[in-house]
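Reading the structure
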There are 2 protein chains.
Amino acid sequence: METISENACFGGVQGVYRHASDATGCDMTFGLFLPAEAKEGPVPVLWYLSGLTCTHENAMTKAGAQAHAAEQGLALVFPDTSPRGDDVANDDAFDLGQGAGFYVNATRDPWAKHYQMWDYVTEELPRILTANFAVDEERQAITGHSMGGHGALTAAMRLPGRFRSVSAFSPICHPSRSDWGRKQFTAYLGEDRDAWARHDATLLMEAEGFDGPMLIDTGTKDQFLDLLMPEALAAAALKRRQQATIRMQPGYDHSYFFVSSFMADHVDFHAEALWA
Amino acid sequence: METISENACFGGVQGVYRHASDATGCDMTFGLFLPAEAKEGPVPVLWYLSGLTCTHENAMTKAGAQAHAAEQGLALVFPDTSPRGDDVANDDAFDLGQGAGFYVNATRDPWAKHYQMWDYVTEELPRILTANFAVDEERQAITGHSMGGHGALTAAMRLPGRFRSVSAFSPICHPSRSDWGRKQFTAYLGEDRDAWARHDATLLMEAEGFDGPMLIDTGTKDQFLDLLMPEALAAAALKRRQQATIRMQPGYDHSYFFVSSFMADHVDFHAEALWA
């Protein structure tokens, strides 16, 4: 594993690391914030999955999460959103291919060779983190933004016991029924509707739910609200009596200005679960 | 004036605006954060001047200042660092020309035509702000990073009564004696050493000082420390008994990870002066 950079940050270290990935068959880069407490031993970790067009870097530099993670003694991990490289399949659209992995294991060509983001984020990268850094695999939580909110919600529901809490900022909630989902699932997964259902937060909520607290924030002025469909997830959650806080924040849009505005709430929410 | 974007942010609005500038003879873009309190009437304003290679956008998205400004009821203004455009003189080096205005009025060709950043930041943009937004010209403070720290310190000392407080993150402190200064002053100002002295924080500290509180943070692992020369400013400040807090922060470098780590301290420092 190669250290790209390490910067002192809120008493801890914001690092960027690159490694060859077995899951994706290419080099992968991720950001990791370790608070000062990590010098003494493993600390709880909050995963942050990013949205369309993002790399590991966007949230790391724009979400303002480190301040709050440092206060709470949490690590933050910022994975990339897709495989990368000249020999990795891509598409001219911003919402397919590189930067748009949708946190699934692709089964269709030309995507299947490298687009194994589910395995990367839920299996390989966790192993790498716990093997190389002072993060506590027994205390993990997950959040994300937009496509990353979709990833966070689906990972939390499909891996019972893995994450103590889940939250999301303006998540894609019902991709099977949205143009942010149908197009990508068709490309990556073909017409296998069972596979689609395993990556649809609303369908997973109907079928499984999440055994822990859930927090979801979306802005009332989100320009992509029709694509996100938080109303579908909310309906499913309430119907199954899921423990959840679902908020529509007045005036906010889809940007990192929204994410950063509520980051303290989300980090504190996860800290409460992680330190319980 | 054209509104480029307005995003809800920590209960207020983060806007980006573009206008034709008389001072620089080209369109200029700036960021302005207005807290919720600005709906009720003019609020105090903290200027943030950015460093080499930056536009209005870097600090606006990476410094995490809005959270603290919102808590304190302060506006934040993020000017650009130079004139911009295809017909504006430039240089291949990152530290001269576009992105590197050094907050001076250039007197030499080819720079003089557009590089009038001193007038832009200290005269034209203040007029535009108070004419168009709920900012209180009687309550202003100023900060900045690197080249912008140089701009903040020199503006504060050369405009007595304008700013109630001044701070800086890893500022260029003695440009007359540094390769971050001599090259640019020679290009923009020629060999007029009196003009250089009016833009050198250490020389201004020796000659004038600042009538108010001053806070300066620099990282012990700043990779540009030899170019910044904070020791020269510190010596001048202490010699003249200047009210000041000058800190070397252990382990931090020159990046926005450093700036964001101490932004709360700086905003709170200015708020104390602005609300006094």
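Residues numbered from 1 in each chain as written. Chains lettered and ligands numbered in written order. Predicted model: local features only at pLDDT ≥ 70, side-chain atom pairs only at ≥ 80, totals over all residues. Heavy atoms only, no water.

Under an unreviewed UniProt entry, the name given to chain A is S-formylglutathione hydrolase, and the source organism is Tranquillimonas alkanivorans. Quoted verbatim from the Catalytic activity (unreviewed entry) field of UniProt, the annotation for chain A is "S-formylglutathione + H2O = formate + glutathione + H(+)". Quoted verbatim from the Function (unreviewed entry) field of UniProt, the annotation for chain A is "Serine hydrolase involved in the detoxification of formaldehyde." (UniProt positions renumbered as here; feature names shortened; annotations may be inferred.)

What follows is about the overall build of chain A. A tally of helices and strands in chain A yields 10 helices and 9 strands. Projecting the C-alpha coordinates of chain A onto the three principal axes gives extents of approximately 50 × 45 × 35 Å. Across chain A, contacts joining residues at least 24 apart in sequence account for 73% of those joining residues at least 6 apart. Surface summary for chain A: the accessible area is close to 10,500 Å², and the carbon and sulfur share equals 46%. Here chain A carries 21 positive and 37 negative side-chain charges, and the mean point of each set is 5 Å from the other. (Helix = DSSP H or I, 4+ residues; strand = E, 2+ residues; numbered from the N terminus. Contact = heavy atoms within 4.5 Å. Areas by Shrake-Rupley, 256 points an atom, 1.4 Å probe, with all protein chains shown as cover. Lys, Arg positive; Asp, Glu negative; His and termini not counted. Charge placed at Lys NZ, Arg CZ, Asp CG, Glu CD.)

Turning our eyes to something else, we now look at the pairing of strand β4 (residues 43-49) of chain B. Residues and elements named next belong to chain B. Of all 7 residues in β4, 7 are buried, a share of seventy percent or more. The pairing of β4 with strand β6 (residues 135-144) spans 6 bridges and is parallel. Following the sheet pairing, Val-43 is matched in β6 by Val-135. Where β4 lies against strand β5 (residues 75-78), 3 bridges are found, and the strand directions are parallel. Within the sheet, the bridge partner assigned to Trp-47 lies in β5 and is Val-77. (Buried < 20%, exposed > 50% of the residue type's maximum accessible area, 1.4 Å probe, protein only. Pairing = 2+ DSSP bridges.)

Okay, the relation of the copies chain B and chain A next. Superposing chain B onto chain A requires a rotation of 180 degrees together with a translation of 0.0 Å along the rotation axis, leaving an RMSD of 0.0 Å. Within this description, the copies of the chain are treated as partners about a two-fold rotation axis. Closest approach to the rotation axis within chain B is made by the C-alpha atom of Lys-62 of chain B, at a distance of 2.5 Å. Here 100% of the contact residues of chain B are again contact residues in chain A; the copies associate through an equivalent surface. (Least-squares fit on C-alpha atoms with pLDDT ≥ 70 in both.)

Residues and elements named next belong to chain B. Among all positions of helix α9 (residues 230-239), only Pro-230, Ala-232, Leu-233, Ala-234, Ala-236 and Ala-237 are buried. Lining the buried residues of α9 we find α4 (147-158), α7 (201-207), β8 (214-219), α8 (225-228) and β9 (245-249). Positive backbone phi, at 60 degrees, marks Arg-241, one or two positions downstream of α9.

With the rule as written, the count across this model stands at 28 aromatic pairs over all chains. Between the aromatic rings of Phe-30 of chain A and Phe-133 of chain A, the centroid separation amounts to 6.4 Å while the plane-to-plane angle is 90 degrees, which identifies the pairing as edge-to-face. Within this pair, whereas Phe-30 of chain A is found in strand β3 (residues 27-34), its partner Phe-133 of chain A is found in the loop between α3 (117-132) and β6 (135-144), the two being separated by 103 residues in sequence. Here Phe-30 of chain A matches Phe-133 of chain A in class, with each residue buried. When the centroid spacing of 4.9 Å and the interplanar angle of 55 degrees are considered together, the rings of Tyr-17 of chain B and Phe-133 of chain B count as tilted. (Phe/Tyr/Trp six-rings, centres within 6.5 Å; stacked < 30°, edge-to-face > 60°.)

To continue, consider the interface of chain B and chain A. Contact with chain B, which involves 19 residues of that partner, is made by 19 residues of chain A. Interface area for chain B against chain A, summed over the two sides, is near 1,500 Å², with a carbon-plus-sulfur share of 59%. Contact with chain A buries area across many residues of chain B, yet Ala-8, Phe-10 and Phe-257 of chain B alone supply 39% of it, more than any other trio. Summed over the shared surface of chain B and chain A, the result is 0 salt bridges. Linking chain B with chain A are 10 residue pairs in polar contact (both at pLDDT 80 or more). (Buried area = accessible area lost by both parts, 1.4 Å probe. Salt bridge = Lys/Arg side-chain N within 4 Å of Asp/Glu carboxyl O. Polar contact = N/O pair within 3.5 Å; in protein donor to acceptor, adjacent residues only side chain to side chain.)

With that settled, the discussion passes to α4 of chain B. Residues and elements named next belong to chain B. Its 12 residues place the ends of α4 16 Å apart at the C-alpha level, agreeing with the 16 Å of an ideal helix rising 1.5 Å per residue. Within α4, 11 of the 12 residues are buried, which leaves it mostly tucked inside the rest of the structure. By the burial criterion, the buried members of α4 are Met-147, Gly-148, Gly-149, His-150, Gly-151, Ala-152, Leu-153, Thr-154, Ala-155, Ala-156 and Met-157. (Expected span 1.5 Å × (residues − 1).)

The next point concerns the UniProt feature "active site" (unreviewed entry) in chain A. All names here are of chain A. Under the present numbering, the feature "active site" (unreviewed entry) in UniProt falls on Ser-146, Asp-222 and His-254. Spatial clustering of the annotated residues is evident: they stretch over 109 residues in sequence, but the largest pairwise C-alpha distance comes to 10.7 Å. Every residue in contact with Asp-222, bar those within four places of it in the chain, is listed here: Ser-170, Leu-228, Tyr-252, Asp-253 and His-254. Mapping His-254 onto the fold places it in the loop between β9 (245-249) and α10 (256-274).

The next subject is the sheet that holds β9 of chain A. In space, the 9 strands of this open sheet follow the order β1-β2-β3-β5-β4-β6-β7-β8-β9 (chain A), with mixed pairing throughout. Across the chains shown, the open sheet's two edge strands, defined by having one partner strand only, are β1 (2-9) and β9 of chain A. Taken over all neighbouring pairs, the strand axes of this sheet differ in orientation by 20 degrees on average, direction set aside. Across the sheet, helix α10 (residues 256-274) of chain B lies against β1 and β2 (12-20) of chain A, angled at about 25 degrees from β1 of chain A, the strand it touches most. (Axes fitted to C-alpha atoms, helices over the stretch in contact; angles between N-to-C directions.)

Our next topic: the packing of helix α2 (residues 65-72) of chain B against α10 of chain B. All names here are of chain B. Running from N to C, α2 and α10 cross one another at 30 degrees; their axes reach a closest spacing of 9 Å. For the element pair α2 / α10, the angle class is roughly parallel. Here the hand of the crossing between α2 and α10 comes out right-handed. Residues Ala-65, His-68, Ala-69 and Gln-72 of α2 touch α10, and the partners they reach there are Met-263, Ala-264, Val-267, Asp-268 and Ala-271. Taken together, the residues that form the contact of α2 with α10 break down as 6 nonpolar, 2 polar and 1 charged. (Parallel < 35°, antiparallel > 145°, perpendicular 65-115°, else oblique. Left-handed = near helix turned anticlockwise from the far one by under 90°. Nonpolar A, V, L, I, M, F, W, Y, C, P; charged D, E, K, R; others polar.)

Another aspect to go through is the side chain of Thr-24 of chain A. Here Thr-24 of chain A shows up in the loop between β2 and β3. Ignoring any residue separated from it by four or fewer positions in sequence, one finds Thr-24 of chain A in contact with Pro-83, Lys-113, His-114, Gln-116, Met-117 and Tyr-120 of chain A.

So, about the pairing of strand β7 (residues 163-169) of chain A. Residue and element names in this part refer to chain A. β7 sits mainly inside the fold: 6 of its 7 residues count as buried. Two elements, β6 and β7, share 2 bridges in a ladder whose sense is parallel. By the bridge assignment, Gln-140 is partnered in β7 with Phe-163. Pairing of β7 with strand β8 (residues 214-219), which is carried by 4 bridges, proceeds in the parallel orientation.

This next bit is on the nonpolar core. Formed by 65 residues in total, the largest nonpolar core has its most connected members in Phe-30, Trp-47, Leu-129, Ile-142, Leu-153 and Tyr-188 of chain A. Ranked by residues supplied to this core, first place goes to α3 of chain A with 7 residues. Residues Met-157, Leu-204, Met-205 and Met-214 of chain B belong to the second largest nonpolar core, which totals 63 residues. (Core = buried A, V, L, I, M, F, W, Y, C linked by side-chain atoms within 4.5 Å.)

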